[in-house]
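Coordinate analysis (summary)
The lines below spell out each chain.
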Amino acid sequence: MSLSKDTEVIFDSHRGHDYDSANPPLYDSSTFHQKVLGGGAEYDYARSGNPNRELLEEKLAKLEGGSYAFAYASGIAAISAVLLTLKADDHVILPDDVYGGTFRLTEQILTRFNIRFTTVDTTDISQIEQAIEDNTKLVYIETPSNPLFKITDVRAAAKVAHDHDLLLAVDNTFMTPLGQSPLELGADVVVHSATKFLGGHSDIIAGAAITNDKTLADALYLLQNGTGTALSAQDSWTLAKHLKTLPVRFKQSVDNAQKLEAFLQQRDEIAEVYYPGNNKLHLSQSQHGGAVLGFRLKDETKAQAFVDALSLPLVSVSLGGVETILSHPATMSHAAVPKEVRDERNITFGLFRLSVGLEDPDELIADLNYALKEAFNDSTTIGQTEEQHTSR
Ligand SMILES: *Cc1c(COP(=O)(O)O)cnc(C)c1O
């Protein structure tokens, strides 16, 4: 019987593997026995390669529709590897709202090695084109962006990049390979923070880079081995296991997110809701709106009271977990951005990001409903708050 791509890849269908257990064995080893001196054993030293990482990379490559995948110790390590394929004097174009850790990496580390960066609003393709210089080598985009869910046209960005002999890299963390396939849309390399949806259980930090380009793949492997940033055997084993539930987790989270979005849209306390599912361009290049949304309270002075009254979401930095995670960009991911710049970019104190998990959506809605009412009801005393909360 022939199996669908996802089934074969994700569920470790036993065919083709030399183990009978439901999950592959964990090769908890830094080194491997070499029978023949100079005999080119498949594995010699685990930094350079080990069976668990290889199995994971095979899954990641197939999921993303690429020929080569490399698993790294974090999303930032994967992004570093992509940027370190460049050399001094090379120039890169980045989104002005690029993920904070990627900005820190470029601004505080890679510029010391004379790799140069220009940030533009990549949602406006003409700004990408205008930023291209003689030494530009790479256009790097994130879509949807964080925290305002701006959408960049991946096909158009790929066209501009390729017209000028540049490579296009896409951070696909928010949509996962199941929601958006940048390689099919023309990208040359895709990066992921596998810490988020791919891992999905808020238990590991991991990253990946996937490509069809053999030259780029060789460079990414050299960096993985040569800078020692590969994902460990243990974390590779865990991540490969978590990938088995990615389709069902992501589908449920997307369904729940759509329900929460509809709820938030009709609330008086909310000034704006940001959800890629309402964006035509996004839907022309993706399967759906994903499972993360943003919203802004009408009165930002209620932000703490709102958080105080919530029971369900984990209030933290991150996304893509089985639990719903509420983030506060102004004090978390974008705290290092000066307040004037944050205000200019509309990252205000009333802005929240919600990564919707697997809880019962009706319970999530009831929790948000309660917290919004509590926060915006000035007359309630603390005593009443507690009473109402426990009797709910
Ligand atoms: C979290 C994140 C990263 C960084 O990944 P780590 O695994 O934390 O190193 C990069 N890009 C995006 C969009 C992210 O959300």
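The rules behind these values
Residues numbered from 1 in each chain as written. Predicted model: local features only at pLDDT ≥ 70, side-chain atom pairs only at ≥ 80, totals over all residues. Heavy atoms only, no water. UniProt positions renumbered as here; feature names shortened; annotations may be inferred. Helix = DSSP H or I, 4+ residues; strand = E, 2+ residues; numbered from the N terminus. Buried < 20%, exposed > 50% of the residue type's maximum accessible area, 1.4 Å probe, protein only. Domains from an automatic or database assignment. Contact = heavy atoms within 4.5 Å. Salt bridge = Lys/Arg side-chain N within 4 Å of Asp/Glu carboxyl O. Polar contact = N/O pair within 3.5 Å; in protein donor to acceptor, adjacent residues only side chain to side chain. Nonpolar A, V, L, I, M, F, W, Y, C, P; charged D, E, K, R; others polar. Near = heavy atom within 4 Å. Areas by Shrake-Rupley, 256 points an atom, 1.4 Å probe, with all protein chains shown as cover. Pairing = 2+ DSSP bridges. Arc of directions from axis to C-beta. Axes fitted to C-alpha atoms, helices over the stretch in contact; angles between N-to-C directions. Left-handed = near helix turned anticlockwise from the far one by under 90°. Core = buried A, V, L, I, M, F, W, Y, C linked by side-chain atoms within 4.5 Å.

- As annotated in an unreviewed UniProt entry, the protein chain carries the name cysteine-S-conjugate beta-lyase and is attributed to Staphylococcus lloydii.
- Annotation of the protein chain in UniProt includes, under Sequence similarities (unreviewed entry), the sentence "Belongs to the trans-sulfuration enzymes family."
- The UniProt entry for the protein chain carries the following comment under Cofactor (unreviewed entry): "pyridoxal 5'-phosphate".

**Describing unusual backbone geometry**
- The step from Thr143 to Pro144 runs through a cis peptide bond, and the omega angle for that step is -5°.
- Tracing the backbone through its elements, the reader meets Pro144 in the loop between β4 (136–142) and α6 (154–163).
- Note the cis peptide between Asn146 and Pro147, where omega equals 5°.
- By the element assignment, Pro147 lies in the loop between β4 and α6.
- Within the chain, Asp89 stands out as a residue other than glycine whose phi angle is a positive 80°.
- You can call Asp89 partly exposed: its relative accessible area is 44%.
- Phi angles above zero are rare outside glycine, and Asp165 is one such case at about 60°.
- Following the sequence through the fold, Asp165 ends up in the loop between α6 and β5 (167–171).
- Taking relative accessible area as the criterion, Asp165 reaches 74% and is therefore assigned exposed.

**A few points about the domain arrangement of the protein chain**
- Domain boundaries in the protein chain define domain 1 (5–12 + 28–245) and domain 2 (246–377).
- Centre-to-centre separation of domain 1 and domain 2, based on C-alpha positions: 26 Å.
- Taken together, the contacts link 33 residues of domain 1 with 37 residues of domain 2.
- For the pair domain 1 and domain 2, the interface holds zero salt bridges.
- For the interface between domain 1 and domain 2, the tally reads 15 residue pairs in polar contact (both at pLDDT 80 or more).
- Ranked by residues supplied to the side of domain 1 that touches domain 2, first place goes to helix α7 (residues 176–179) with three residues.
- Along the lines of polarity and charge, the residues of the side of domain 1 that touches domain 2 split into 15 nonpolar, 12 polar and six charged.

**A few points about the site of the ligand**
- Near the ligand, the surroundings consist of 13 residues, among which Ile76, Asp171, Ser193, Thr195 and Lys196 are the closest.
- Between the ligand and Thr195, the relevant distance is 2.6 Å, taken from an oxygen atom to a side-chain nitrogen or oxygen of the residue.
- When the free accessible area of the ligand is taken as 380 Å², the share hidden by the protein chains comes to 92%.
- The biggest single contributor to the shell around the ligand is helix α3 (residues 75–83), with three residues.

**A few points about the sheet that holds strand β11 (residues 325–327)**
- Pairing in this open sheet of five strands is mixed, and the strands run β8-β9-β12-β11-β10 from one edge to the other. Pairing within the sheet leaves two strands with one partner each, and these edge strands are β8 (270–274) and β10 (314–315).

**Re α6**
- Three or more residues of α6 are buried, namely Val154, Ala157, Ala158, Val160 and Ala161. Across the axial projection of α6, the buried residues extend over an arc of 165°, all falling on one side. Along α6, the residues that are exposed and aim more than 90 degrees away from the buried face are Lys159 and Asp163.
- Against the buried residues of α6 lie α5 (125–131), β4, β5 and α11 (280–285).
- Put simply, Asp153 is the residue that caps the front of α6, since its side-chain oxygen is 3.2 Å from the backbone nitrogen of Arg155.

**Regarding the sheet that holds strand β2 (residues 91–95)**
- Pairing is mixed across the open sheet formed by seven strands, whose spatial order is β1-β7-β6-β5-β4-β2-β3. Since the sheet does not close on itself, it has two edges, and those belong to β1 (68–72) and β3 (116–120), each with one partner. Taken pair by pair, the neighbouring strands of this sheet meet at an average axis angle of 20°, ignoring direction.
- Where strand β6 (residues 189–193) lies against strand β7 (residues 207–211), five bridges are found, and the strand directions are antiparallel. Bridge assignment links Ser193 to a residue of β7, and that residue is Gly207.
- Of the strands in this sheet, β1, β5, β6 and β7 are in contact with helix α8 (residues 214–226), which crosses β1 at around 20°.

**Comments concerning the packing of helix α2 (residues 51–64) against helix α9 (residues 233–242)**
- For the pair α2 and α9, interaxial distance at closest approach is 8 Å and the crossing angle is 35°. Judged by the sense of rotation from one axis to the other, the crossing of α2 with α9 is left-handed. For the pair α2 and α9, contact is made by Asn52, Arg53, Leu56 and Lys59 and by Ala233, Ser236, Trp237, Leu239 and Ala240, respectively.

**Details of the nonpolar core**
- With 58 residues, the main nonpolar core has Phe295 and Phe306 as its most contacted residues.
- Taken together, domain 1 (5–12 + 28–245) and domain 2 (246–377) each give at least three residues to this core, which thus spans both.
- In contact with Phe295, other than residues within four places in its own chain, are Leu264, Ile270, Glu272, Val273, Tyr274, Phe306, Leu326, Gly350, Leu351, Phe352 and Leu354.
- Tyr72, Val82, Ile115 and Ala169 belong to the second-largest nonpolar core, a separate cluster that totals 26 residues.

**Comments concerning the UniProt feature "modified residue: N6-(pyridoxal phosphate)lysine" (unreviewed entry) in the protein chain**
- As recorded in UniProt, the feature "modified residue: N6-(pyridoxal phosphate)lysine" (unreviewed entry) lies at Lys196.
- Summarising the element assignment, Lys196 is placed in the loop between β6 and β7.
- Setting aside residues up to four positions removed in sequence, Lys196 forms contacts with Thr173, Ser318, Leu319 and Gly320.

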